[in-house]
Amino acid sequence: LLQSPTCAMEPEHESTIPVEGASALPDTQVVVDHSSMAETMERQGWQRQFSLESGVQESAFVERIGSGELARQAKELTQNSKKKAAANPTSDDETPKSKRSLLVESVLGGQAKKDHHKSHKKGAFAGVFVPTCENMWGVLIFLRFYFVVGQAGIMHALLCVLISFTAAFCTTSSMSAIVSSGGLVSKGGPYYMISRALGPSVGASVGIMYWLAITLLAVLETLGAVEALLMAAPSLNFPGCKQAFGSGFMILLVLSVWGGTSFVTKLGIFFVLIVFYTMASYYAGIATAPLTEAAMANPWVTGVSWETFKKNWGPHYDEHTNFGVVLSVFFPCFTGILSGANRADILKDPPRNIKDGTFGAIIFSFFMYSSFFILWGCVADYRYLQGKEYHADHADGDDHHRRLAGGAGEHLVEEIVWNPFPNSAHIGIIISSLSQALQCLIVAPRLLQNIARDKILTVFDRIAPLSKHGEPVRALACTYVFGAALVLIGEVNAVAPLLTMCFLVAYTFMNFSCFVLTYVRSPGFRPSGMSRKRWRFWYMCTGLLGSCVCLSIMIIVSQLWAIVVLLSSFSLYLYINWRLEQAEWGSALDGIRYQLALKSLIQLEESGHHAVNWRPQVLVLYRIHLSEELKGIKHRDILRFYSYLRKGNGFAVVACVLESESRDEHAMHKASIEKDVIKSIMKEENIRGFAECVVAPSWSEGVNYIIQLSGIGGLAPNTILVNWPAKWKTHSKKATEFLNVVTTALASEKSVLAVKGLQDMPIDKVVGTIDVWWMIHDGGFMLLLSWLLVQHRMWRNCQIRIFTITEGVSEERAKNAAKLLAETLRNRRLFDVDVEVVIVDDEMIQPY
């Protein structure tokens, strides 16, 4: 940020620049020394526009007020017109340094910081691959894979793996594209990807669903640890034991996180070793089965056998299970793919590390999950895997000895899994489950705190501040409240579908964001290979395919829950969009609107000239009394008159001229302030359109600029609305300026509405007549305006009288012409009125 030499002595200021977002641009804030403002304007010959109606010049007001004070008063006016409170304060954890842009930070201090922490950065394997695998490999591998094979068979189990892998693969591709396009991740993780891509409304709603999904994952792992504990110690089983033990585990985990994440992080290697040990125990046990005496005594445990493989190839669903159930149970095994995005700040090369590490993790997991399903399908009969007990008199496997899903685990873990010492596998399952739940409880509060810090939902403002140690303690407490309530569900199989739905919402929108950003070719979206057609095709295909697959999984799992979750996300989006005032980042949806608007403008360029599509698109030449508007004194008669014509469904450009001989940054800054004031006035008067303010040496010259340059394509104004000059006989300048407006408008092929006596316009409903003195050669413009006028509730009770002037015709012909004109108007459904033809002679016309 550079300062001109003339501003070198001005107070130092910082530009409020979004910290995140590749395409975010700074909102320049000009800070002016108020004490020298008057001298500067006097030296530059500053002049304000003056009112034609009153003839009172406002230059004294401008000389008396500084730019900063003017901006402050204009802001107050805008807020009063919107009936909203003052702007949101800075968040508690935000420092002046955090407001600096990424570019400034990297230039001034980024290199030193990078060199200082370079030795602490991690690569793709340690920073992404290992934590991603740790988050994906949860309790479901140990306690539900055999259930999936027993119910779905090997074929449907592998189909579950393939479908889930496709969703994860496409999501990873989209995530890598978004990360490589400019680093929209940072400490906000996946929430930043979605919010900075699809906008704050979508980002916050999906971010909340993602936070809920991570909380549910912690609940799932906690309940899995409880289930493993009850398998190891059946004597602890009592009514409500799962809820009781789950609540106790949840409290211990939250207290561990509250005590500090540094110690928990140091235990990461220990947890990873436990996970690998438990998985090795399962592989070893399946490969060597039947090894225990109980397994040898059970004819359903055959060991790795081709005959068993063929028998278990097809599905064997019971009456309570279908493909959607087993898919919902398995899909959470691919829900840890965003772990790399959560750790982007500790990576050496985040775009490359996240891509390589995450792709490696999901591909490795794909083959590992497939191998588990194949081995389970080879080692035992499907009835054993379903949880049925073998009895000689019920060898055909009736349901008299049926257990709930997972119930077979008590015997299966002991009979099939390798246990070098008693309950070693159970202990490994408990530690692995609690470690993953612990990781979730570390990530979830930080995600929630990042959502709260963005000041999108006021209900989250209280949890935005960090503790004195930089920990999101309040967000952790909020996460615990939700987790403690959800753990009361008590069943892993009941939590899994909810968890699946919440994650799929986040995955769907992430894929959709990649597809949209690629389709609209947003300048801020610059992933690797974006300039090449084949890579754009790849990003679009993976994004669209990923969105469709994720939605399909939601429908397959549960149509009811899919509708509930999608409606909840959409309702949350509508609520946030309604409450949201302003955000510092853009939206890919704006890119869609841009493309649609561009195509529409090009089409309107042609169709807008047809009579059937013509409508008044008005350029309102507004002389704003800024000094009086800031005091609450309103001069909006011309805007109120335009509002009477809104039934034409056109748009308005409300423009004013800021008279100044110079066109420096101060003039432009004050013009932008006036533009903002006009916007607030338009919103208060319920006028749809745009505001403009130009800087020109004179009002006449500025109006000339406005008439020629306002609008674009089919949205260019075709009508000029201007005040009739008051007392123009004694003020020749007013007459001259008015004639210049008319001349320029006619040269630009625009109609002119010169309104006289605006100050006498009624403010309540009126009853009477509206006289239209119509000249037929105007193409019906006055008739259309009259029809629009009576559509407004203010003039709805008025009767239209149309007078048209002729000369050199007989009275009989005049009556026939009036009758024909009235019939024409009725046929066109404009008016049901009588038309009077006025016959004039030369003496009446001579004065005009």
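Residues numbered from 1 in each chain as written. Predicted model: local features only at pLDDT ≥ 70, side-chain atom pairs only at ≥ 80, totals over all residues. Heavy atoms only, no water.

Asker: I'd like a description of the packing of helix 7 (residues 145-180) against helix 15 (residues 323-330), backed by residues and values.
Answerer: One can describe the packing of helix 7 onto helix 15 by two numbers: an axis separation of 9 Å at closest approach and a directional angle of 75°. With respect to each other, helix 7 and helix 15 are oriented roughly perpendicular. Here F145, F147, V148, Q151, A152, H156, L159, C160, V161, I163 and S164 of helix 7 lie close against helix 15, whose contacting residues are F323, V326, L327, V329 and F330. Here the contact of helix 7 with helix 15 is composed, by residue class, of 13 nonpolar, three polar and no charged. (Axes fitted to C-alpha atoms, helices over the stretch in contact; angles between N-to-C directions. Helix = DSSP H or I, 4+ residues; strand = E, 2+ residues; numbered from the N terminus. Parallel < 35°, antiparallel > 145°, perpendicular 65-115°, else oblique. Contact = heavy atoms within 4.5 Å. Nonpolar A, V, L, I, M, F, W, Y, C, P; charged D, E, K, R; others polar.)

Asker: Please give an account of the sheet that holds strand 5 (residues 751-755) that cites residues and values.
Answerer: Spatially, the five strands line up as an open sheet ordered 3-2-1-4-5, and their pairing is parallel. Only two strands of the sheet have a single neighbouring strand rather than two, namely strand 3 (689-696) and strand 5. Shown here is a sheet whose adjacent strand axes are inclined to one another by a mean of 25°, direction ignored. Bridge count between strand 4 (residues 719-723) and strand 5: five bridges; the pairing is parallel. Considered in strand 5, the bridge of T719 is made with S751. (Pairing = 2+ DSSP bridges.)

Asker: Give a description of the nonpolar core that names residues and reports values.
Answerer: Counting residues in hydrophobic clusters, the biggest one holds 150 residues, and the most contacted among them are Y369 and W376. With 21 residues, the single largest contributor to this core is helix 9 (residues 200-232). F641, A691, L721 and V835 belong to the second largest nonpolar core, which has 55 residues in total. (Core = buried A, V, L, I, M, F, W, Y, C linked by side-chain atoms within 4.5 Å. Buried < 20%, exposed > 50% of the residue type's maximum accessible area, 1.4 Å probe, protein only.)

Asker: So what's going on with the packing of aromatic side chains? Which residues, and what values?
Answerer: Summed over the entire model, instances satisfying the criterion amount to 37 aromatic pairs. When the ring of F515 is compared with that of Y519, the centres are 6.2 Å apart and the planes differ by 20°; the resulting orientation is stacked. Of the two residues, F515 and Y519 are both situated in helix 22 (residues 492-520); the distance of four residues between them amounts to about one turn of the helix. Geometry around Y382 places R383 over its ring, the cationic atom sitting 5.6 Å from the centre. Positioned above the aromatic ring of W699 is the side chain of R623, whose terminal nitrogen or guanidinium carbon lies 3.4 Å from the ring centre. (Phe/Tyr/Trp six-rings, centres within 6.5 Å; stacked < 30°, edge-to-face > 60°. Lys NZ or Arg CZ within 6 Å of the ring centre and 35° of its normal.)

Asker: Outline the environment of L825, listing residues and values.
Answerer: Within the element layout of this structure, L825 appears in helix 32 (residues 811-827). Residue L825 is classed as buried on the basis of its relative accessible area, which comes to 3%. Remark: the alpha-carbon pair of L825 and V835, spanning 10 residues in sequence, is separated by 9.5 Å.

Asker: If you had to explain a positive patch on the surface to someone new, which residues and values would you point to?
Answerer: Residues R646, K765, R793 and R796 make up a contiguous surface patch of positive charge. You can see R646 is positioned in the loop between helix 27 (637-643) and strand 2 (652-659). Residue class for R646 comes out partly exposed when judged on its relative accessible area of 31%. (Patch = residues over 30% accessible without salt bridge, like charges linked within 9 Å, V, L, I, M, F, W, Y side chains within 5 Å. Areas by Shrake-Rupley, 256 points an atom, 1.4 Å probe, with all protein chains shown as cover. Salt bridge = Lys/Arg side-chain N within 4 Å of Asp/Glu carboxyl O. Lys, Arg positive; Asp, Glu negative; His and termini not counted. Charge placed at Lys NZ, Arg CZ, Asp CG, Glu CD.)

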